[in-house]
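The residues making up each chain are set out below.
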Amino acid sequence: MLSVHVPARGVRSRWLVAGAAILLAAGLSALPTSAAGAATPDALASLGPNVKVFDPSMPQSEIQAAVDAVAAQQVNDEMGTNRYALLFKPGSYGSAAHPLIFQVGYYTEVAGLGLSPSDVTINGHIDVYNRCFADGDCNALGNFWRSLSDLTINVVGTGLDGCRASADFWAVSQASSMRRVHITGGGLSFMDYCTAGSQFSSGGFMADSVAGDITNGSQQQFLVRDGSIGSWSNGVWNQVFSGVTGAPAQSFPDPPYTNLPTTAVSKERPFLYLDGSGGYRVFVPDVRRNAAGPSWVDGPTPGHSIPLSDFYLATPADSIQAINNALAMGKNLLLTPGVYNVDRSIEIKRADTIVLGLGLPTLTAVGGATPLKVADVKGVDIAGLTVDAGTANSPVLVQVGTRNGNSGEGVKQVDPADPTVLHDVFFRVGGPHVGKATLTLEVNSDYVILDDIWAWRADHGVAGSVGWDVNTADTGLVVNGNNVTALGLFVEHYQKYNVIWNGEQGTTIFFQNELPYDPPNQAAWQHDGVLGWAAYKVAPAVRTHELWGGGSYVFTNVDPSIHAAHGFEVPDTPGVRLHDVLTVNLSAGTIDHVVNDTGAPVNNDAIGVPSYLVSYP
């Protein structure tokens, strides 16, 4: 196993209405269905050329050519507009003699179409390698926006060189989830140690998965949730395990492992699958309490199934009005791959609505719109989306529940047994184009679960899309609801507080942050006599809050003399507790204290060396 310590990374930069006549009257398409009511396989033929469905009866050469073509286009297309879903029907692909080996590039979802990860087996590799740049450096710091789920990889490296054959590589950073995956026959590496260069990486998120030996390597931080592993090689700054059998014991900060034996509350992401009669359905897992280990190893994952015919299959050509009409008639929503220009809010008003992205679709705000609003209803699942700010400032990009607790749609619905969950929902302000948003995600409802969120004010992108006065955004996340749980929260580069938590009884398991790189000077980045802004702010009136495994990093390269007084700001009260938190200097700027006025400063005297607090207070 490889064990490394990584220096500072520097700049681096997913209704039920009877009769087709009603659908057609609303301007909607009726799907062909089987006798059992599930959409037939022909339904996916309507999803466009960027949804590629593979069958084990297809010639492997044809499959290999298709996946290689997508990879060749997407591996370096960081700010592009193409989106892809590569879907594998139940069965086995590749062999020991002729493995199926391919890479996963930007905006590519790779998923099995079985009800269990064991229903689809890839004999070979599904890899993400370091990205190599013109200056010769190769690293994974920008390997964002991709996903792997619902299949087994039997690691076979026939035909690869010795280093590449040594493990399946998933060298990713933020917004690149691995869910419901079983790695067998070989190891799994979250670092690509086979290419030249710094090899740095800044991930990541793995949930409901099984693997043997795992090389963490250069991963500065990582969250593994509700899984099973054989071993873990090393820690850099912040490795968190929640409900993971076989995980390293609690030892923060040396090595920096945080281990929670169970996850108090979690819910796995809904997924598309092919049933025994040949129909497509979406499976919605149940909430888990005090989970330890994967949901599927000892039997089927508890939950319920919805036929694809109960979904409106949207494309970027659809108007937002057509999408809202479908939602108003009781449809769930499946967003097919592409970039959607959203000039008014997509409105989720019905309890238990499923909004599922396929192939990492992007919702881009137009004219200052809020692309997605959820009313005061329970049980909504939103999964696999990126939401981009547009050129006109949006007050908020996604709003869950209304600020006054009553949307006018009836009494506010609260049910801890049926929470609203956001899975793999990502936000961008700048990057592919100029973006502006005061706030990216606002959570007003109670009992919401945030299951892998990356909110990113871009530090790099296409020319003209990034700058202190260009891609403006105050705050990544504001939580006003009570009993909200965040499982994997990545929030970076916002210009004021990155996170503000106003609700009671909130919990965060794993938090990763970089403060903004680009304040022009200290005068532009301070408030109320306080230097800079903290990454994570718990409001003064809050009496109960808990955070496990949190880090904030500083790299103010425009003006390296800038200070932030605190990495974390919380009220001094016994019910507000932080465990295993740290700050790090990445070669520019200073954070004076870790939490409030406690904890040693980080600055250029010790680049890449964390200041740790095991607990506060």
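Summary of the structure given here. Along each chain, numbering runs from 1 in the same order as the chain's sequence is written. Per-residue local features are limited, in this predicted model, to residues with pLDDT of at least 70; the limit for side-chain atom pairs, both in listing and counting, is 80 or more; totals at the level of whole chains, interfaces and linings are taken over all residues. Computation of side-chain values: all heavy atoms of the structure, hydrogens and water removed.

**Some words on the sheet that holds strand β46 (residues 590–595)**
Next, step 1: Strand pairing is assigned whenever DSSP identifies at least 2 bridges connecting the two strands. In this text, helices come from DSSP runs of H or I with a minimum length of four residues, and strands from runs of E with a minimum of two, each type numbered from the N-terminal end. Strand order in this open sheet of nine strands is β27-β30-β32-β34-β36-β38-β42-β44-β46, and the pairing throughout is parallel. The open sheet has two edge strands with one neighbour each: β27 (346–348) and β46. Adjacent strand axes in the sheet meet at a mean angle of 15°, parallel and antiparallel pairs treated alike.
Next, step 2: The pairing of β27 with strand β30 (residues 372–374) spans three bridges and is classified as parallel. Note that in β30 the partner of E347 across the bridge is K373. Each axis is a line fitted through C-alpha atoms, and for a helix only the stretch in contact is used; angles between axes span 0 to 180 degrees, taken between their N-to-C directions.

**Focus on empty space enclosed by the protein**
Next, step 1: Volume-wise, the largest cavity comes out at about 170 Å³.
Next, step 2: Residues are said to line a cavity or pocket when one of their atoms sits within 4 Å of a point; the points come from a 1 Å grid over protein atoms alone, cavities being sets where a 1.4 Å probe fits but cannot get out and pockets being open sets with protein on both sides within 12 Å along at least five of seven lines. Around the largest cavity, the lining is made up of 18 residues, and of these E109, S149, D150, P270 and F271 lie nearest the centre.
Next, step 3: At the level of secondary structure, the elements contributing two or more residues to the lining of the largest cavity comprise β5 (108–112), β9 (146–155), β11 (176–184), β20 (271–274) and β28 (354–357).
Next, step 4: Sort the elements by how many residues they give to the lining of the largest cavity and β5 lands first, with three residues.
Next, step 5: For this classification, the nonpolar set comprises Ala, Val, Leu, Ile, Met, Phe, Trp, Tyr, Cys and Pro, the charged set comprises Asp, Glu, Lys and Arg, and every other residue, Gly included, is treated as polar. Of the residues in the lining of the largest cavity, the class split is eight nonpolar, three polar and seven charged.
Next, step 6: Contributing to the lining of the second largest cavity are V377, K378, G379, Q413, V414, D415, D418, P419, T420, S445, D446 and Y447.
Next, step 7: Tallied by class, residues from the lining of the second largest cavity come to four nonpolar, four polar and four charged. Grid points are joined across faces, edges and corners, and a volume is the space filled by probe spheres set on the points.

**Remarks on the pattern of salt bridges**
Next, step 1: For this analysis, a salt bridge means a side-chain nitrogen from Lys or Arg found within 4 Å of a carboxyl oxygen belonging to Asp or Glu. Summed over all chains, the structure comprises 22 salt bridges.
Next, step 2: Ionic pairing is found between D150 and R180, a salt bridge with its closest N-O pair at 2.6 Å. A residue pair is termed long-range when its members are at least 10 positions apart, and D150 in strand β9 and R180 in strand β11 qualify at 30 residues. Like R180, D150 is buried.
Next, step 3: Its salt-bridge partner being K378, residue D415 comes within 3.7 Å of it at the nearest N-O pair. Separated by 37 residues along the polypeptide, D415 in the loop between β32 (398–400) and β33 (421–429) and K378 in the loop between β30 and β31 (381–388) bring together distant segments of the chain.
Next, step 4: With a 1.4 Å probe rolled over the protein chains alone, any residue whose accessible area is under 20% of its type maximum counts as buried; one over 50% counts as exposed, and the rest are partly exposed. Among the residues examined, D415 registers a relative accessible area of 25% and is labelled partly exposed.
Next, step 5: By relative accessible area, K378 is classed as partly exposed at 27%.
Next, step 6: Through salt bridges with shared partners, a single ionic network connects E109, R179, R225, D226, E268, R269, D424 and D451.

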